[in-house]
Amino acid sequence: MTQQADSCQRRYDLDWLRVIAFGLLIFYHIGMFYVTWDWHVKSPYAGATLELPMMLLNPWRLSLLFFISGVAIRFASDKSPLLQYAGSRSFRIGIPIVFGMCVLVMPQTWFELRQAGLVDDTFAGFYQNYLSLDQVYPVTTPTWNHLWYIVYLLVYTLILVLLVPFFRLAKTPLAQFIRLISGGEKAAWRLLLIPAIPFLIYRFSLTPHFPTTHALTDDWANHAISFSFFLLGYLIAKNDDFWLAVRKSLRPTVIIVVLSVPVLGYFWVNWDSLVPDTAFINVLRAWRVLYAWWVIVLLLGLAQRFLNRPSPVLTYMTGSVFSWYILHQTIIVAAGYYLAQRQLGGITEFALVLIITVSGCLIITELVRHIPVLRLVLGLKGRRNSALTPVSSVPCPPASSPGGA
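The sections below set out a description of the structure shown in this document. Here the structure is a predicted model, which means the values were calculated and not measured.

Concerning the overall build of the protein
Then step 1. The number of helices and strands found in the protein is 18 helices and two strands.
Then step 2. Taken against the 2.2 N^0.38 rule, which gives 22 Å for 405 residues, the C-alpha radius of gyration of the protein at 22 Å falls within 12% of a compact globule.
Then step 3. Counting the 405 residues in the protein, one finds 51% classified as buried.
Then step 4. Within the protein, residue pairs in contact and separated by at least 24 positions form 77% of the contacts whose partners lie at least 6 positions apart.
Then step 5. When the accessible surface of the protein is summed, it comes to about 18600 Å², and 68% of that surface belongs to carbon and sulfur atoms.
Then step 6. The centroid of the 30 positive side-chain charges in the protein is displaced by 13 Å from the centroid of its 19 negative side-chain charges.

Quick word on the pattern of salt bridges
Then step 1. Under the counting rule described, the total for this entry stands at five salt bridges.
Then step 2. Notably, a salt bridge pairs Arg11 with Asp13, separated by 2.6 Å at the nearest N-O pair.
Then step 3. Its relative accessible area of 0% is what places Arg11 among the buried residues.
Then step 4. Relative accessible area serves as the criterion here: at 0%, Asp13 is assigned to the buried category.
Then step 5. With a shortest N-O distance of 3.2 Å, Asp241 and Arg179 are connected by a salt bridge. Taken together, the positions of Asp241 in helix α13 (residues 240–248) and Arg179 in helix α9 (residues 171–182) put the pair 62 residues apart, joining distant regions of the chain.

A short note on the environment of Thr213
Then step 1. Mapped onto the elements of the fold, Thr213 is located in the loop between α11 (197–205) and α12 (220–236).
Then step 2. In the structure, Thr213 is positioned 118 residues away from Ile331 in sequence and 23 Å away in space, judged by C-alpha atoms.
Then step 3. Those residues within four positions of Thr213 in sequence are excluded, and the remaining contacts are Asp218 and Asp219.

Let's talk about helix α17 (residues 346–369)
Then step 1. With 24 residues, α17 should reach 34 Å at 1.5 Å per residue; the first-to-last C-alpha distance of 34 Å fits that figure.
Then step 2. All of the buried residues along α17 are Glu349, Val353, Thr357, Gly360, Cys361, Thr365, Val368 and Arg369.

Regarding the packing of aromatic side chains
Aromatic rings considered in pairs are described by the distance between their centres and by the relative angle of their planes.
Then step 1. Taken as a whole and assessed by the stated rule, the structure comprises 29 aromatic pairs.
Then step 2. Measuring from ring centre to ring centre gives 4.9 Å for Phe33 and Tyr34, while their planes differ by 75°; the resulting arrangement is edge-to-face. Across this residue pair, the class does not change: Phe33 and Tyr34 are buried.
Then step 3. A network of ring pairs unites the aromatic residues Phe22, Phe66, Trp148, Tyr149, Tyr152, Tyr156, Phe227, Phe230 and Tyr325 as a single cluster.

Points about the side chain of Ser77
Then step 1. Within the fold, Ser77 resides in helix α4 (residues 61–77).
Then step 2. A relative accessible area of 3% places Ser77 in the buried class.
Then step 3. Looking at Ser77, its side chain comes within polar contact range of the main-chain oxygen of Ile73, at 2.7 Å.
Then step 4. At 3.4 Å, the side chain of Ser77 and the backbone oxygen of Arg74 are in polar contact.

What to know about the nonpolar core
Then step 1. One finds Phe67, Tyr149, Phe242, Trp243, Trp293, Leu300 and Tyr325 to be the most contacted residues of the largest nonpolar core, which totals 123 residues.
Then step 2. With 16 residues, the top contributor of residues to this core is helix α16 (residues 312–339).
Then step 3. Ignoring any residue separated from it by four or fewer positions in sequence, one finds Trp293 in contact with Leu191, Leu192, Pro195, Ala196, Phe229, Leu232 and Phe242.

What to know about the side chain of Thr318
Then step 1. As for its placement among the helices and strands, Thr318 is situated in helix α16.
Then step 2. The class of Thr318 is buried, set by a relative accessible area of 5%.
Then step 3. Reaching out from Thr318, the side chain makes a polar contact with the backbone oxygen of Leu314 at a distance of 2.7 Å.

Re the packing of helix α6 (residues 106–115) against helix α7 (residues 123–130)
Then step 1. In the contact formed by α6 and α7, the axes pass within 10 Å of each other and the chain directions differ by 115°. In terms of crossing hand, the pair formed by α6 and α7 is right-handed. Contact residues: Met106, Pro107, Thr109, Trp110 and Leu113 in α6; Phe123, Phe126, Tyr127 and Tyr130 in α7.
Then step 2. Among the residues making up the contact of α6 with α7, the classes are represented as eight nonpolar, one polar and no charged.

A look at the environment of Phe123
Then step 1. Note on placement: Phe123 falls in helix α7.
Then step 2. Judged by its relative accessible area of 38%, Phe123 falls in the partly exposed class.
Then step 3. In this structure, the C-alpha to C-alpha distance between Phe123 and Met101, residues 22 residues apart in sequence, is 16 Å.

Let's talk about the packing of α4 against helix α8 (residues 148–169)
Then step 1. Following both chains from N to C, one finds α4 and α8 inclined at 40°, their axes separated by 11 Å at the closest point. Of the possible angle classes, the one that applies to α4 and α8 is oblique. Seen along the crossing, α4 lies across α8 with a hand that is right-handed. Of the residues in α8, those in contact with Leu62, Leu65, Phe66, Ser69 and Ile73 of α4 are Trp148, Tyr149, Tyr152, Leu153, Tyr156, Thr157 and Leu160.
Then step 2. Classifying every residue of the contact of α4 with α8 gives 10 nonpolar, two polar and no charged.

Thresholds applied
- Residues numbered from 1 in each chain as written.
- Predicted model: local features only at pLDDT ≥ 70, side-chain atom pairs only at ≥ 80, totals over all residues.
- Heavy atoms only, no water.
- Helix = DSSP H or I, 4+ residues; strand = E, 2+ residues; numbered from the N terminus.
- Rg over C-alpha atoms; globule rule 2.2 N^0.38 Å.
- Buried < 20%, exposed > 50% of the residue type's maximum accessible area, 1.4 Å probe, protein only.
- Contact = heavy atoms within 4.5 Å.
- Areas by Shrake-Rupley, 256 points an atom, 1.4 Å probe, with all protein chains shown as cover.
- Lys, Arg positive; Asp, Glu negative; His and termini not counted.
- Charge placed at Lys NZ, Arg CZ, Asp CG, Glu CD.
- Salt bridge = Lys/Arg side-chain N within 4 Å of Asp/Glu carboxyl O.
- Expected span 1.5 Å × (residues − 1).
- Phe/Tyr/Trp six-rings, centres within 6.5 Å; stacked < 30°, edge-to-face > 60°.
- Polar contact = N/O pair within 3.5 Å; in protein donor to acceptor, adjacent residues only side chain to side chain.
- Core = buried A, V, L, I, M, F, W, Y, C linked by side-chain atoms within 4.5 Å.
- Axes fitted to C-alpha atoms, helices over the stretch in contact; angles between N-to-C directions.
- Left-handed = near helix turned anticlockwise from the far one by under 90°.
- Nonpolar A, V, L, I, M, F, W, Y, C, P; charged D, E, K, R; others polar.
- Parallel < 35°, antiparallel > 145°, perpendicular 65-115°, else oblique.

Below you can see the structure in the form of structure tokens.
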């Protein structure tokens, strides 16, 4: 396949992966209501049942989103002048961030403090203090909570715009480097190991000193990881060598991930009882970093193999997933707060939280879609478009294959 063919094809596989990743994020946040880890509100039925699958999901779920975002931005930014693209992205993402912080996220903080018994303000009274910037509550207000992802995405996009001229000057060395990590007969081990090296360095140099805060200004380990995945997605988006290596590496990647899951799962579940052997603990930490990259490579390969095709469901969700992302956590927190008081039983409560969340996202998105003045606040450009650009919307010539990378 030529580079030209690659750039003209719609990457349905990555569109599917992005939708799936956001779907997993919604389930993950519902799970946070039921595990023992700290979160905004908690179910009376919270326990350890869901913690293992969430531990297996946690190392790669957001990195995958930043990676795909980098790919999508490469396709989108190549179709318009950089400054024009930066202005458009700032407008399309900035409005949902501001509206989300001022309106949509606020109920999460109110419900959190109410369940903790830290406030007895009415909703209206709390809202006035929430916007006052006086910090009268034991949490930061106003806040972006789960919207940190699009805040970071916007910042990374603006940084990337400044870097693109340097990437264009270094086009040949970058292409040679990507060929080094993904080409040749030994593509599998190169692809599975070399790109993970920076993340191993971050794990042992930055992570111990900069715990994740999602606060933008002090989140340096998280920035290093997230921006690197974002940048990697941008750089390899149209590189045939990389996508060929992903396809060729599918079988060994399946094997190595399948072997890693039970081993890592066992040690994570029993982490507190491990012998405090620093060397062994560090091996597990390094393995976790590699596991995250391996799962991403696996998902990219599986998506190329099975998901690189259009679907009415994909068409709808591509235009709606950003709105669902903005809405979902507030709906989960509100539903969880009220249902936690009803003592309905764990299974019934979980089913209701899930139904209310999905139904709420669907109904609100469809209502807003038909109100032009409100579309921008949920990132809806039009009836079927999203503020998060599809990975590639450039039509192929009639003779081109509809799928492939």
